[in-house]
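Chain and residue survey
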Amino acid sequence: MTAKASSSPGAVTAKPQQSVDEIADAVRKGDRVALGRAITLIESTRPEDQVRARELLKTLMADTGRAIRIGISGPPGAGKSTLIDQFGLNLIAAGHKVAVLAVDPTSSRTGGSILGDKTRMGRLASETNAFIRPSPAGTSLGGVTKTTRETIAIAEAAGFDVVLVETVGVGQSETAVSNMVDVFVVVAIPGAGDELQGIKRGLLELADIIAVNKADSDNVERANRAATEYRAALHILASGNTAWQPAVLTMSARDNTGLDTLWEKIGECRRSLSEAGVLDDRRAEQAATWMREIFEQRLLAAFKGGRRAAREYQDIEDQVRAGTMSPADGADALAKLVGLKDPE
């Protein structure tokens with residue numbers, strides 16, 4: 001005799017798990033709940049979720065790559081969130097759908113993050129054609145999370161034609177940001193003493209556009225002076241990209257002035273790169289970089305997944321921390337564990 005499922009009032013029926021195809025279809029239709037769940041899936045560290053996340057990305061890959069990807073970085077206090085809030089509203093008014101991937105700093109001690117971007121971008125968060133996804137940076141360098149690339153792809157598949165990636169200020173390796181966007185915007189502020197000391201040289205070399213923010217009230221003259229200094233610095237650095245010379249402009253996110261010019265410059269930059277074939281090359285290199293990063297993450301995860309390897313790894317790491325083994329010797333010891341030989 002077959003047992004029947006309990007029909008008592010207190011019985012709880014488990015909700016069936018959505019298939020990857022069902023999630024993908026909902027994302028394509030612009031279902032915001034499905035979009036959030038899809039991103040949560042790719043952020044999950046559970047092995048079974050990672051398998052489903054890879055299937056989801058493979059299913060949606062044909063629907064990606066159509067958005068304008070814009071990286072926005074700059075020192076703390078530059079007004080990045082205020083800029084994105086107003087900039088996003090302007091873009092929506094012009095008929096665009098805007099996704100904001102805002103990365104919050106993670107405490108190295110507690111692992112906690114603020115995740116307050118929806119509060120700082122309150123007006124934009126209330127728009128139906130906007131999607132704001134705050135994510136903790138974790139231990140990732142470059143001001144982005146380990147799954148930022150995947151999140152960009154999911155947002156594009158959901159129909160967002162402008163993706164803004166706000167980074168954690170000036171990180172240790174902003175190269176990571178420029179390696180996943182079409183146009184890289186650095187937000188600067190006037191009146192902070194020596195303007196060029198406020199932004200690292202490496203960040204200037206990566207910038208496609210430098211936007212001096214807070215050019216309002218008594219700051220207008222200082223903003224213009226800062227812009228002049230940045231132009232001179234960029235001229236000295238001489239960008240190696242012949243298809244586009246970095247632009248410098250002033251604006252005020254608070255007063256909504258200069259943001260139309262910023263959008264025009266972003267479009268001009270993207271068109272110039274596209275016509276010169278640089279944009280296609282850049283995206284191709286980004287795809288290759290994405291592959292290498294995924295491989296490195298999986299290689300390390302697989303290595304640390306075995307019990308013996310995990311013990312050996314921890315022992316070597318403890319010796320490096322204690323100073324009884326150099327980092328280079330530690331890396332050599334780890335390489336020998338997996339049978340890697342020194343390059344000839």
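Above this note sits the structure.
What this report covers is the structure whose coordinates are included nearby. All residue numbers refer to positions counted from 1 along the written sequence of the respective chain. For a predicted model such as this one, the threshold for reporting local features is a pLDDT of at least 70, and the threshold for listing and counting side-chain atom pairs is 80 or more; totals across whole chains, interfaces and linings nevertheless cover every residue. With hydrogens and water excluded, all non-hydrogen atoms of the structure serve as input to the side-chain values.

1. Quick notes on the overall build of the chain
Secondary structure is summarised from DSSP: a helix means a run of H or I of at least four residues, a strand means a run of E of at least two, and numbering begins at the N terminus for each. Each helix and strand counted, the chain has 14 helices and 7 strands in total. A 1.4 Å probe rolled over the protein chains alone gives each residue an accessible area, and that area as a share of the maximum for its type sets the label: buried under 20%, exposed over 50%, partly exposed in between. Of all 344 residues assigned to the chain, the portion counted as buried reaches 43%. Expressed as a percentage of contacts within the chain between residues at least 6 apart in sequence, the contacts between residues at least 24 apart total 74%. Of the roughly 18800 Å² that the chain leaves accessible, carbon and sulfur atoms contribute 52%. Contact criterion: two residues are considered in contact whenever any of their non-hydrogen atoms come within 4.5 Å of each other. Areas reported here follow the Shrake-Rupley algorithm with a probe of radius 1.4 Å; residue values treat only the protein chains shown as occluding.

2. Here we look at the packing of aromatic side chains
Pairing of aromatic side chains here covers Phe, Tyr and the six-membered ring of Trp, requires ring centres within 6.5 Å, and sorts the geometry by plane angle: under 30 degrees stacked, over 60 edge-to-face, intermediate tilted. Within this structure, the stated rule accounts for 2 aromatic pairs. Considering the side-chain rings of Phe 87 and Trp 263, the 6.0 Å spacing of their centres and the 65° angle between planes classify their relative orientation as edge-to-face. Note that Phe 87 is positioned in helix 4 (residues 80-93) and Trp 263 in helix 11 (residues 259-275), a separation of 176 residues in sequence. Among the residues examined, Trp 263 registers a relative accessible area of 23% and is labelled partly exposed. Over the ring of Phe 160 we find Lys 97, and its NZ or CZ is 4.8 Å from the ring centre. The criterion is that NZ of a Lys, or CZ of an Arg, lies within 6 Å of the ring centre and within 35 degrees of the ring normal, and then a charge sits over that ring.

3. Remarks on the pairing of strand 4 (residues 162-166)
Taking burial as the measure, the 5 residues of strand 4 include 5 buried ones, the bulk of the element. A two-sided burial pattern is seen for strand 4, the buried positions comprising Val 162, Leu 164 and Glu 166 on one face and Val 163 and Val 165 on the other. In this sheet, strand 4 lies alongside strand 1 (residues 68-73) in parallel orientation, the contact comprising 5 bridges. Counterpart to Ile 68 in the pairing with strand 4 is Val 162. Two strands are counted as paired when DSSP detects at least two bridges linking them.

4. Focus: the pattern of salt bridges
What makes a salt bridge here is a side-chain nitrogen of Lys or Arg within 4 Å of a carboxyl oxygen of Asp or Glu, nothing more. For the structure on display, the rule yields 15 salt bridges. A salt bridge links Asp 63 to Arg 28, with the shortest nitrogen-to-oxygen separation between them at 2.8 Å. In this pair, Asp 63 sits in the loop between helix 3 (47-60) and strand 1 while Arg 28 sits in helix 1 (residues 20-28), placing the two residues 35 residues apart along the sequence. Two residues, Asp 216 and Arg 254, come together in a salt bridge whose shortest N-O distance is 3.9 Å.

5. Some remarks on the nonpolar core
We call a set of buried Ala, Val, Leu, Ile, Met, Phe, Trp, Tyr and Cys residues a nonpolar core when their side-chain atoms join them within 4.5 Å. Judged by nonpolar contacts, the single largest core of 48 residues is most densely connected at Val 27, Leu 56, Ile 154, Val 163, Ile 210 and Tyr 230. Of the residues that make up this core, three or more belong to each of domain 1 (19-63) and domain 2 (65-287). Not counting chain neighbours up to four residues away, the residues in contact with Leu 56 comprise Val 20, Ile 23, Ala 24, Ala 38, Leu 41 and Ile 154. Judged by nonpolar contacts, the second largest core, of 35 residues, contains Phe 87, Ala 102, Ala 253 and Ile 266. Each domain's limits were defined by an automated method or a database of domain assignments.

6. Notes on the side chain of Gln 86
Secondary-structure assignment places Gln 86 in helix 4. Gln 86 sits in the buried class, given a relative accessible area of 9%. A polar side-chain atom of Gln 86 sits 3.0 Å from a polar atom in the side chain of Arg 123. Contact partners of Gln 86, with chain neighbours within four places excluded, come to Arg 123, Ala 253, Asn 256 and Leu 259. Here a polar contact is taken to be a pair of N or O atoms separated by no more than 3.5 Å, where protein atoms must pair a possible hydrogen donor with a possible acceptor and residues adjacent in sequence count only if both atoms sit in side chains.

7. Concerning helix 3
An α-helical turn contains 3.6 residues, so any two residues separated by three or four positions project in the same direction. Expected span of a helix: the number of residues minus one, times 1.5 Å. With 14 residues, helix 3 extends 20 Å from end C-alpha to end C-alpha; this agrees with the ideal 20 Å at 1.5 Å per step. Those residues of helix 3 that fall on the buried side of the exposure criterion are Asp 49, Arg 52, Ala 53, Leu 56, Leu 57 and Leu 60. The buried residues of helix 3 occupy an angular sector of 140° when projected down its axis, which confines them to one face. Every exposed residue of helix 3 that faces more than 90 degrees away from the buried side is listed here: Pro 47 and Lys 58. Note that the arc is defined by the directions from the helix axis to the C-beta atoms.

8. With respect to the packing of helix 3 against helix 7 (residues 148-157)
At a minimum axis separation of 10 Å, helix 3 and helix 7 run at an interaxial angle of 45°. Taken together, the axes of helix 3 and helix 7 are oblique relative to one another. The chirality of how helix 3 crosses helix 7 is left-handed. The residues of helix 7 that touch helix 3, namely those facing Leu 56, Leu 57 and Leu 60, are Glu 150, Ala 153, Ile 154 and Ala 157. For this scheme, ten residues count as nonpolar: Ala, Val, Leu, Ile, Met, Phe, Trp, Tyr, Cys and Pro. Four count as charged, namely Asp, Glu, Lys and Arg, and the remainder, Gly too, count as polar. Here the residues of the contact of helix 3 with helix 7 sort into 6 nonpolar, no polar and 1 charged. Axis lines are fitted to C-alpha atoms, over the contacting stretch for helices. Their N-to-C directions set the angle, which ranges from 0 to 180 degrees. Here roughly perpendicular refers to angles of 65 to 115 degrees, roughly parallel to angles under 35, roughly antiparallel to angles over 145, and oblique to all remaining angles. By the definition used in this description, the sense in which the near helix is turned from the far one sets the handedness, with an anticlockwise turn below a right angle giving left-handed and a clockwise turn giving right-handed.

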